[in-house]
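Listed below, chain by chain, are the residues.
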Amino acid sequence: MNDPDAKPTKNLRQETVRVLLPLPLGDGYDYLVPPSLTLGKGSFVTVPLGRKEEVIGIVWDEGSGKVEASKLKAITSVLDLAPLDETTRRFVDWVAGYTLTPAGSILKMVLGGQLRPLKDKDKLPCTLADFKTNLSFPRKRESSAECQRGKRLMSAADAAQLDSRFRGNDEVGENNAQNILSEYGNYIDTLAPVLSPEQESAAAALTAAVKDNTFSVTLLDGVTGSGKTEVYGEALAQCFKDGRQALLLLPEIAMTAALFSRLEARFGLAPTLWHSGLTEKQRRLNWHAIKQGKARFILGARSALFLPYADLGLIVVDEEHEGAYKQEEGVIYHGRDMAVVRANVGAIPIVLASATPSLETLHNVQQGKYRHLILRRRFGEASMPTIKIIDLRHEKMPTQSFISDPLLQALQSAVENGQQAMLFLNRRGYAPLTLCRACGLRLQCPSCTSWMIEHKRTGRLHCHQCGYNMTVPKACPTCGAEDKFAACGPGIERIAEEIAVRLPEARTAIMASDTIADAKAAQAMVKQMDDHAIDLLIGTQIMAKGYHFPRLTTVGVIDADLGLAGGDPRAAERTFQLLQQVAGRSGRAEEAGTVYLQTTNPDHPVMRALMAGERDAFMQAEMRERKNYHLPPFGRLATITVAGADKQQVIDIARHIAAASPQNKNMRILGPAPAPFAILRGKHRYRLMVQAGRGVSLSSAIGAWLAPLPLPRTIKVQVDIDPYSFL
């Protein structure tokens with residue numbers, strides 16, 4: 001393992017070096033190296049920049065020689081931090097080149113603003129000594145629910161005796177470190193669950209990949225409730241026993257709450273978290289612990305991928321198909337794809353886990369690039385849920401009602417039988433439109449081409465694009481009519497309101513991104529479900545990911561067709577994945593589950609595939625459709641979005657960019673045309689679409705295309721290589 005406290009062994013003896021700064025300023029600047037300083041590649045240094053007294057940067061390479069040494073400023077000092085490792089530096093350069101982003105912007109994510117020095121009283125999490133003295137190993141044995149998912153191999157008395165050995169107060173010297181690590185390995189072996197033969201086979205393949213310690217990609221493809229977490233948990237355990245760091249990526253912060261307790265109980269080790277919900281102090285301590293190699297188990301959102309790991313040995317990307325892995329602003333990247341790159345650069349294995357893998361991942365499996373491990377059965381006695389279609393074309397529903405009678409009866413039956421139910425609608429707020437009944441005006445955000453969404457919880461109208469909010473006007477600004485604004489269509493708050501009237505005995509709760517602000521709130525919601533303080537959970541896609549509620553037997557989808565509109569080439573795939581994941585929340589214990597899909601298009605291929613349980617056939621049909629139109633994964637796409645306050649200037653620049661496009665028979669330029677959100681946060685937006693053959697390096701081609709074009713400072717040009725969303 002790399003020594004986190006090692007100093008540079010090879011000095012850069014050139015009189016100048018290139019220093020990369022965590023700023024969007026290109027690829028770094030040359031600085032003089034004072035004779036008094038000892039530094040090497042990766043050294044943390046302070047340098048003067050413009051009018052600022054000093055800025056922290058990283059020595060990236062030898063000086064470029066583009067500027068005479070006599071005109072350069074000198075490095076001020078070298079920080080007392082171990083150098084940034086070569087793997088991280090290579091990863092930064094690769095991501096910068098691929099996304100056409102200044103390397104300094106990538107470095108900013110690596111540093112995370114956490115370069116403030118540690119204080120003497122600061123306690124870093126998860127040191128090797130903690131295995132002996134301070135770790136909070138599980139004090140109680142598994143709950144009945146955990147017993148159902150896999151019995152432990154050790155009695156409570158034996159576990160308590162071993163636990164006491166780890167809670168001794170004697171100090172751990174460096175010469176005893178390997179012994180302590182070995183003891184810890186033995187300890188987590190005693191916490192391992194009993195796996196099914198199918199799980200054992202998959203786990204053996206993953207642990208072998210960790211032992212090989214070389215780059216490989218494995219798709220862990222298991223139906224919902226098949227125990228994928230327990231399987232990749234064995235790979236994590238092997239990584240810990242080898243004394244290396246492991247990273248588990250999740251698509252949503254809220255999911256950390258659902259997994260945290262299970263993972264802590266499995267490994268006797270609380271994961272070190274990394275996501276936007278941490279306090280500044282938590283981020284600082286966790287960053288230093290990760291860089292020093294003291295934090296062994298990191299659980300985080302996509303940004304955790306860029307941290308400077310001391311000795312990363314494994315990456316697991318859970319729910320790899322999720323669109324939430326795509327970063328749409330700032331540095332635009334897909335967390336899953338960059339995780340594969342990070343594993344490749346670091347020569348380590350990576351596991352992609354999903355019940356509904358993406359077409360891109362399945363295509364890589366078919367091409368022989370990824371290994372494929374399949375879990376076809378749910379764990380234990382649980383069976384896959386029955387899926388029923390409710391054809392809304394033939395349902396007579398009361399005015400302003402959105403829940404059909406068959407679905408309402410199923411919900412009522414579940415509540416009366418002491419079970420739990422879930423209603424899903426992927427639409428936040430109370431209503432998607434607020435309409436003037438006198439003249440038909442739709443209230444729109446003043447800064448975006450986005451409708452204002454009514455939220456009863458706040459009593460205001462909200463723009464889900466820029467955050468602008470307002471009260472409902474008393475008078476229509478167009479026709480002057482008073483008290484004529486009406487809510488049109490349902491959001492989850494409106495569904496909750498209908499349930500309160502039609503099923504008043506049910507104890508309900510709403511689960512959405514605006515009601516679950518952080519992992520703590522998600523944990524509280526999970527506890528309420530576990531304690532059966534909730535009969536009916538109403539929510540958006542946030543509740544469709546990774547949650548295990550044993551009493552949940554009935555799931556209803558209010559508008560199963562919602563994601564199919566709009567012409568997005570990924571619409572059918574995403575809708576199938578989302579509905580399959582929602583359906584997978586039901587019947588995960590002894591009681592069988594039933595899922596009701598309300599739809600006006602029961603013959604759509606997505607609905608037919610869900611009804612028949614024919615995921616693979618549906619994905620193959622989607623694959624053929626993509627191939628016919630040369631769409632990913634059989635072709636390449638990129639978007640170039642031009643934004644600015646002056647609409648005509650935006651149009652002119654977009655046309656100028658299109659006119660300068662390269663003459664390449666393997667590339668097709670579409671547009672410019674108004675972006676789907678033609679105005680966003682007060683900026684007008686026009687977009688070009690680039691379609692290319694699979695073998696075209698879009699990053700290089702677009703970089704060479706845009707580099708010589710003079711662009712005014714009032715215009716922002718944003719490139720998205722391999723776009724996920726077309727909004």
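As a starting point, this report considers the structure included with it.

What counts and what doesn't
- Residues numbered from 1 in each chain as written.
- Predicted model: local features only at pLDDT ≥ 70, side-chain atom pairs only at ≥ 80, totals over all residues.
- Heavy atoms only, no water.
- Pairing = 2+ DSSP bridges.
- Helix = DSSP H or I, 4+ residues; strand = E, 2+ residues; numbered from the N terminus.
- Salt bridge = Lys/Arg side-chain N within 4 Å of Asp/Glu carboxyl O.
- Buried < 20%, exposed > 50% of the residue type's maximum accessible area, 1.4 Å probe, protein only.
- Axes fitted to C-alpha atoms, helices over the stretch in contact; angles between N-to-C directions.
- Contact = heavy atoms within 4.5 Å.

**Describing the sheet that holds strand S20 (residues 469-470)**
Working step 1: Spatial strand order, S18-S19-S20: three strands in an open sheet with antiparallel pairing. For this open sheet the edge positions go to strand S18 (453-455) and S20, each flanked by a neighbour on one side alone.
Working step 2: Where strand S19 (residues 460-462) and S20 come together, two bridges link them in antiparallel fashion. Paired with Leu461 across the two strands is Met470, which belongs to S20.

**A closer look at the pattern of salt bridges**
Working step 1: Under the defined criterion, the tally for this structure stands at 24 salt bridges.
Working step 2: The salt bridge involving Arg615 is made with Asp221; its shortest N-O contact spans 2.8 Å. Of this pair, Arg615 sits in helix H18 (residues 615-628) while Asp221 sits in strand S6 (residues 216-222), and the two are 394 residues apart along the sequence. Judged on exposure class, the residue Arg615 and its partner Asp221 are both buried.
Working step 3: A salt bridge links Asp616 to Arg615, with the nearest nitrogen and oxygen atoms 2.9 Å apart.
Working step 4: Asp616 sits in the partly exposed class, given a relative accessible area of 47%.
Working step 5: Through salt bridges that share partners, Asp221, Arg615 and Asp616 make up one connected network.

**Overview of the sheet that holds strand S16 (residues 420-424)**
Working step 1: Ordered in space as S15-S25-S24-S16-S23-S22, the six strands form an open sheet in which the pairing is parallel. At either end of the open sheet lies a strand with only one pairing partner, and these are strand S15 (386-391) and strand S22 (508-511). Sheet twist, expressed as the mean angle between neighbouring strand axes with direction ignored, is 20°.
Working step 2: On top of the sheet, helix H17 (residues 605-612) reaches S15 and strand S25 (594-599); it is set at about 145° to S15, its chief contact.

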